[in-house]
Every structure is written in C-alpha cells, then in structure tokens.
Amino acid sequence: MSMIPYPFQRRVAELLLSDHNVILQAPTGAGKTMAAMLPFLEAIERGRDFPHKCLYAVPMRVLANQFVDEYKSKVRKAGRDDRIRVAIQTGEHPDDKELTATLTFATIDQVLSSFLLSPYSLPRRLSNLNAGAVAASYLVFDEFHLFDPISTLPTTLEMLRMLRGVAPFLLMTATFSTDMLRGLADALGAVVVPEDGTARQAMQALRSQQKTRRYHVADGPLSAGAVLAQHKSRTLVVCNVVDRARALFEALRDHPERGAAQVLLLHSRFLPEDRQRIESEIRRLFGQDGDGSGSWIVVATQVIEVGLDVTCQTLHTELAPANAILQRAGRCARYEGEEGDVFIYPQAFDADGEAIDLTESVMPYRGQEEEVTRTLAEFRARDGEALTFGDEQELISAVHGPRDRAVVDGLVATREMHRRRMNGVMAGHRSGEAGDLIRAVSSRLVVVHDDPQAVAERPFAAEAFSLHPHTVYGLVGKWLEREDELDLEDWGVRALHDLGDEDESGRSVYDWLPVRDKSDVAGSVLVLVHPALAGYDSDLGFVPDRSTGYRARLAPARDAAPRGGYFYHLETYIDHVRLVYDAFRRTAWPELAPAAARLERAFGWPAGVVERVAHLVVLFHDVGKLNRSWQEWVVRYQRAIGQPAPPGFYAHTDSDPGNPLHREKQRALGRKPPHAVEGAVAVAPLLAAAAGECEPMLNAAFTAIARHHGAFTREYRRYALAPGSGEAVAETLAWLPSQFAAGLDVGEMFVSEDPARMSIEDLFVDPQRDGEFLAYALLARALRRADQVGTGSG
C-alpha cells in the first residue's frame, strides 16, 4: 500500500472490522472517503469476515457522481485493488438498478426504497430483489446531516436497527451537534469517532487541516459592490433563494467595475446538461488542481454546500443556520496551507431593491428563526476570528443543540409509529406511502410549452423544473397578471390533474384544468406555463418573469412494445431447475453467504440453517409448475403452435413475444395457471423440516418461493400435482450437499390443496419480525438472481 492511513481512518477500520458500527465526524478535506473505503478494501484484499460489497449512500445525485471520481483518483491511486466493479445508481444515472456492482454509489432514495421493497429503479414485480443486496452490504451514509428529520433520517435509523449485527454501517458528517451525535449513537449502539478530546486534537493536527479560515459579519446587505470590493481571483457567493442569486449574478455581470472577472451562476433550476456543464467548469476553475488562471466569481444557492470539491479565497454568504454556513465555508480555504475569509450578511436586497432582515425573512429555513438568530449572535461574538474545526463544532452545538435534542426526543417518541408505517410498505399494504418515508419533499413540476395536448401524452417525460409549491403559487399570480397584460387569446397557465382513472393499457388518465386563480393549481401534478410568460436561459436557468423563446423538449412517443414477456425455448422441468441451481451456487449465493452467517449469529439461529433453506428454495421454486393444469396448458399450447411437446414435465414453453402465432395462441388459451404460491404450499412440509425449530426460516422460505414472480402475492388456487411429480422433485433433491439432505421426505409434500380448506396467511413473512424479514430478503434475492442468471426469466 502506497498511502499510510491517518490515525482516525485506521480507528474507523479497526472498529468496523471488529463488529462495531461507527459515526464519524470529520472536517472537510480530512479524508472521510478513504476512512470509509479502508475496511472494505482491506476485507477484499485479505479475505476478512466483512462484506465484500458496499453501498455508499449520499443525499444528492451530484455527490454520487463526485465520489465515483474521487474513488478512482484517490483510492486506486493509493495502490488499492482496481478490479472492483464500481457503479452509480441514481435517478439520473441508473447504471446499477439491481445493485450487483461491488461498490455502488447511490442516492439515499435508492437505498431506502430498495430496503422497503419499493425500489425506485425496478418494476413492482421485482420489488423484493434488492432488499437482500442492502442486507448483504457494508453501508456508508455520507453527509447524513442533510437527511430530512421527518422522513429520511427516521427511516434510515430504523433500517439500521433492523440490520444491526448483519450489515455493518458507517455514518459520516461534518456538521452535527454533540447532542445529535450522542443521541444517534445511543439509538444505534454505534461508536462516535473521534472518541475523545485527544483524538479530536489529533484530527485537528492533520496536515490537511493546516489552513486558516476567518469569519466576518458584514455591516450592510449582500450586493455586487460588496462582492467586488473583496474579490481577488476566486470568489464564491451563496444566496438562500434562487431569485436573489439570479439577481445578484445579473448585477455582477453588468457592474461597471467588474473588470476582467468572469461570473457564473449555479442553482437547482437548470436543465441537467447545463447544470453538469456549469459544475464541471466550477470544478475546473476552483478545484484543487485548477489552473488558477483568470478571475472568477461564482454565485450559487445551497446546491454548492455539498457535492463540489472546490475552494476559494473569499466566500460571501447570506445569513443562514450555522450548520449551513459552515457547510458553505467548507468551500473556502479548503486545502492545506490556504487562507480565506468568509463574510456573513444579515441583510439582502429583495426584488424591489429594498434591504430585508434575514433573521426575519428566513426562507428556505422556515421554522428555524431561533437558530438563525443564535447563529448571528455566535458569529458576531467571533467576528474576525479564524476558527478551527473544534471551534466550529462548539458553535454548531450552541446554535443547534436545543433543536437537535428535540429531534432526538422526537425520533424516540415516534419510532413505533414510524416502524408500523415501514412495516405496512414492506408488506405491500401501503406501497404508496414509501415516498413519504424516504424523502418528504413538497414540490411542483413546471413545464414551459404552448401545446397542452402534446405535453399530456407523456407529461413526466417533458423537460420540467421542480419548484416549492409556495414559489409556484406566487409565480402563478404574477403569470395571470401578465396573461391579462399580454392579452393571450387562449390561455397562459394550466394545471394537470390526475383524474384517478386508468386507460385500457393501465396508464393513469390526466386532464388539463384552466387556471384563473393561484388556488387552482392546488392538488395538481404539473403546471404548464405559456412560453410568452416564462422561459429558460443556459446561463440563467429557469426564467419565470420573461419570454426567452424557450419551449420544453418532449420525449418522443414510445412505440407499442409487443406484450408477452421474455423469449423462451421449450425447457424441461429438470433442465430448468438444474440451470437455476447451478447459477445459485456459482453466482447468487457467494454474494449472500457471509450475510447469512452474520444473520444466524445475530439472532442465535443454528449455523448453516439459512444456507440449507436457501438451497431448497431454489430447488423447489417451480414445483407449482408440476400442477396438472399447468402441464396440460403446456401440451395444448405447444400443439397449437405446431411444436408438440414430448412426454415429460416442463418449466417453459416456446415463447417469442415478437412471433404473431405465439401471441395469438397465448391469447386464445388464456393465461397459464398460477404456480408460485401453489408450489410454496406444496413443499411447505419439506421447508418446515429443513427449518427445524427455526420457525422464521419457514416463513422466509415459503414467502421467497410464493413471491418469486410477484413481490406481494398472497393467494393461491386449488391445485393437484401431476402423477410422477414426486419423482421429479426427488431427482432435484439428489443434487443437495449431503449435510443438507437429511430428514427430507418427498412423500410429505401436499400433492393437492384447496384455499377453502387450508389458510396460508400465517406462513407469509411479517416485516415486524426483523430476523424473519432479513432472511426473506436474502432468500428472495438468491432465488431471483439465480433465476435471472440461469434462464433470464427475471
């Protein structure tokens, strides 16, 4: 290894590799990413008992992109294993939808939705595929101070409680109060690093922390003149709202004393390609390896607080809560040996040029008026001082400690209710609530276009800007005034509403409603504004107050895809099970086996019980296809397409979705009889024998088989296995390792059953039982991945 870890990085690795979970608080530039990667890379290189799979979760998409680059440039440069498959999984870059990479950088939304059996990246029928990947991974949560305390944070904490002892985790932040850190550590049984004053001093003494950052409270409002007066060659300016950022950018751009300084604007209302372009330019100009040429000023909103590894000599910021200001300040004098100054402005100019008091006008920090006021007092008490990381943490605790104590108390008080909501989602009863548990974000989409009918064809595929509802209401009022002034003959603003119905293809039906008052957009899913009223500029972003000739691009209409599923050849039952079982042993199980062993230890189950049951789940997964009616359907269908099936048991027919004859005969014969739950019922006695006294494994195995095609299937139909089925099942059991075969008697199968006679409700997994749910997650992933790899059936 060519790089010697810092003491705190080594301490994080030691704790994680000895079965402790960790909360790391470290300043910007200290090396948190390397601290997170060290135990993971050592485990892979040295074969340690630690997950060889990592999910690195971040609150923002831009962070996922940045950390991939950081991994490649720093971790691999340090002489580490470059054979690790690295991927990104975000809404913008869905490159690892099934979480199969060795190291996946993902947004927290992707991780939580996967665990809740509501993955944003997959269709509903595959909802149970990714939870096992989460349970089998080393979990890293970076910048977790940005997690919403009402949704994201409590869901993350409850997930980690469920996974304790199974999936090791690391939480990382730079700006949490001591109260919050202690509360979270107590809730999770985690160790906070640094652990004491000596360790904190050692972290402060790192070479990367030898820099000087002075804080000043300005006398007047933030203005173009104030920025230019302090400008050297690299300046960042951070405003709390987009409108003020845009106004300040235009004032700087047009200022007669700007000289050679160039100005850039960055906020959340740019189209993706322009935002990426601007971010890349800022990284090039303000990054550690920037060329330093020219004179540049960047005006931005909170989007620059995290995600951009940049530095500057001077940073100007509007007054905000202390944790936000210190996040912003992390972009000033960021690197070793640098000096910088941070100017905090208690006032700003509104749209009419009037100075406003930012202790009163606190958007977007509504509800944090007390924190903003305390922040101003604390910085005034330190005016002109250079603050160390320790000083900054004292300031954060002074400002945010009271609220953080209340947040921790609230997390404790609402834990049971929050868990019940999670259980409802994981059981499939409340899938629609998953979004509220993951990220409680209130926003409204705005599209600039003059053809409502064209937009309505695929409304969510149109270029759109996501705005807070209060912002939209304010803009609608102004648009309606200008609509009258411009005398638009037809319309200026329309609102798209979900009618709560579906068309023949199962798609939701939407309709445009006229907007005569801003209250008319309440409850809408999208607002359409005429290009005569609003526009877009590649340097300014969304321009709500004037036309620019912009018209949103619409995604091309999709051709109707042939229905009918996957391409298959006629395949015998034995051949199919053999292929899937081989894929299980070769590919699917090696990823999950260490997690299975940790699960057994965590819940005191017999060693090897999860693996034994996993083998049987795969071997038994299609026993329901041995149902007499299922096999008879195969015979009729193969005869109908002119390819009669020889005598025997089959798992797949010839099926080509693009073949008109195949589609015609499938429609004529109707759907094949269901088989998944029926098969689980048939083999339940064998699963019970394999699970022994470990009852959770029976439920986990039964549910994994029953739901290997539909993640929330609950019912079965009357069935009767065809004569000779027992012999076919016995043939597959002969492939079992000898230690797993004892005590299994095919003669105990339920060869026929009727739901009127036998209820199966108690055999399904109950998410409120942690071990049972985690076992199910591992078995479901093992089976579905084996099925995919073995036959491509998905």
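Before reading on, note that the structure itself is shown above.
All figures in this text were calculated on a predicted structure; none of them were measured in a lab.

A. View of helix 19 (residues 573-603). The end-to-end C-alpha distance of helix 19, which contains 31 residues, comes to just 36 Å, noticeably less than the 45 Å that a straight helix rising 1.5 Å per residue would cover. Roughly 65 degrees is the biggest bend found in helix 19, and it falls at tryptophan 589, with proline proline 590 one to four residues downstream. Of the residues flanking the end of helix 19, it is glycine 604, one or two places downstream, whose phi is positive at about 70 degrees.

B. View of a negative patch on the surface. On the surface, Glu481, Asp484, Glu485, Asp487 and Glu489 cluster together into a negatively charged patch. Its place among the elements puts aspartate 487 in the loop between helix 18 (469-486) and strand 18 (493-502).

C. Molecular detail of the sheet that holds strand 12 (residues 314-318). On the basis of which strands lie adjacent, the open sheet formed by six strands has the order 8-13-12-9-11-10 and parallel pairing. Strands at the two margins of the open sheet, each flanked by one partner only, are strand 8 (212-217) and strand 10 (262-266). When the angles between neighbouring strand axes are averaged without regard to direction, this sheet yields 15 degrees. Both strand 9 (residues 234-238) and strand 11 (residues 296-300) contribute to a ladder of five bridges, which runs parallel. When the bridges of strand 11 are listed, arginine 234 appears paired with tryptophan 296. Across the sheet, helix 12 (residues 322-329) touches strand 8, strand 9, strand 12 and strand 13 (339-345), and the angle it forms with strand 12 is around 155 degrees.

D. Region of the structure containing empty space enclosed by the protein. A complete count under the given rule lists three cavities of 30 Å³ or more for this structure. Lining the largest cavity, in full, are Pro154, Leu157, Glu158, Arg161, Leu411, Thr414, Arg415, His418 and Arg419. Those elements giving two or more residues to the lining of the largest cavity turn out to be helix 6 (152-163) and helix 15 (415-426).

E. Representation of the pattern of salt bridges in the model. Within this structure, the stated rule accounts for 48 salt bridges. Among the salt bridges present, the one from arginine 419 reaches glutamate 158, with a minimum N-O distance of 3.1 Å. Pair noted here: arginine 419 is in helix 15 and glutamate 158 is in helix 6, with a separation of 261 residues, a long-range link. Relative accessible area serves as the criterion here: at 2%, glutamate 158 is assigned to the buried category. The residue glutamate 250 makes a salt bridge to arginine 546 at a minimum N-O spacing of 3.4 Å. Taken together, the positions of glutamate 250 in helix 10 (residues 242-253) and arginine 546 in the loop between strand 22 (541-543) and strand 23 (571-572) put the pair 296 residues apart, joining distant regions of the chain. For glutamate 250, a relative accessible area of 17% corresponds to the buried category.

F. Focus on the nonpolar core. In terms of nonpolar packing, the biggest core is built from 119 residues, with Phe141, Phe620, Met697 and Phe702 touching the most fellow members. By residue number, the principal contributor to this core is helix 19, which donates 13 residues. Residue contacts for methionine 697: discarding those within four places in its chain leaves Trp605, Val609, Val610, Val613, Ala691, Ala775 and Leu779. Listed in part, the 94 residues of the second largest apolar core include Ala224, Val263, Ala320 and Ala333.

G. View of the environment of valine 58. Relative to the assigned elements, valine 58 resides in strand 2 (residues 54-58). On the accessibility criterion, valine 58 (0% relative accessible area) is buried. Sequence-wise, valine 58 and valine 134 are 76 residues apart; in three dimensions their C-alpha atoms are separated by 15 Å. Dropping the residues within four chain positions of it, valine 58 is found in contact with Leu63, Ala64, Phe67, Ala106, Thr107, Ile108 and Asp142.

Reading guide: rules and limits
Residues numbered from 1 in each chain as written. Predicted model: local features only at pLDDT ≥ 70, side-chain atom pairs only at ≥ 80, totals over all residues. Heavy atoms only, no water. Helix = DSSP H or I, 4+ residues; strand = E, 2+ residues; numbered from the N terminus. Expected span 1.5 Å × (residues − 1). Bend = angle between axes of the 7 residues up to and from the residue. Patch = residues over 30% accessible without salt bridge, like charges linked within 9 Å, V, L, I, M, F, W, Y side chains within 5 Å. Areas by Shrake-Rupley, 256 points an atom, 1.4 Å probe, with all protein chains shown as cover. Salt bridge = Lys/Arg side-chain N within 4 Å of Asp/Glu carboxyl O. Lys, Arg positive; Asp, Glu negative; His and termini not counted. Charge placed at Lys NZ, Arg CZ, Asp CG, Glu CD. Pairing = 2+ DSSP bridges. Axes fitted to C-alpha atoms, helices over the stretch in contact; angles between N-to-C directions. Contact = heavy atoms within 4.5 Å. 1 Å grid on protein atoms, 1.4 Å probe; cavity = no way out; pocket = protein on both sides within 12 Å on 5 of 7 lines; lining within 4 Å. Points joined across faces, edges and corners; volume = space filled by probe spheres on them. Buried < 20%, exposed > 50% of the residue type's maximum accessible area, 1.4 Å probe, protein only. Core = buried A, V, L, I, M, F, W, Y, C linked by side-chain atoms within 4.5 Å.

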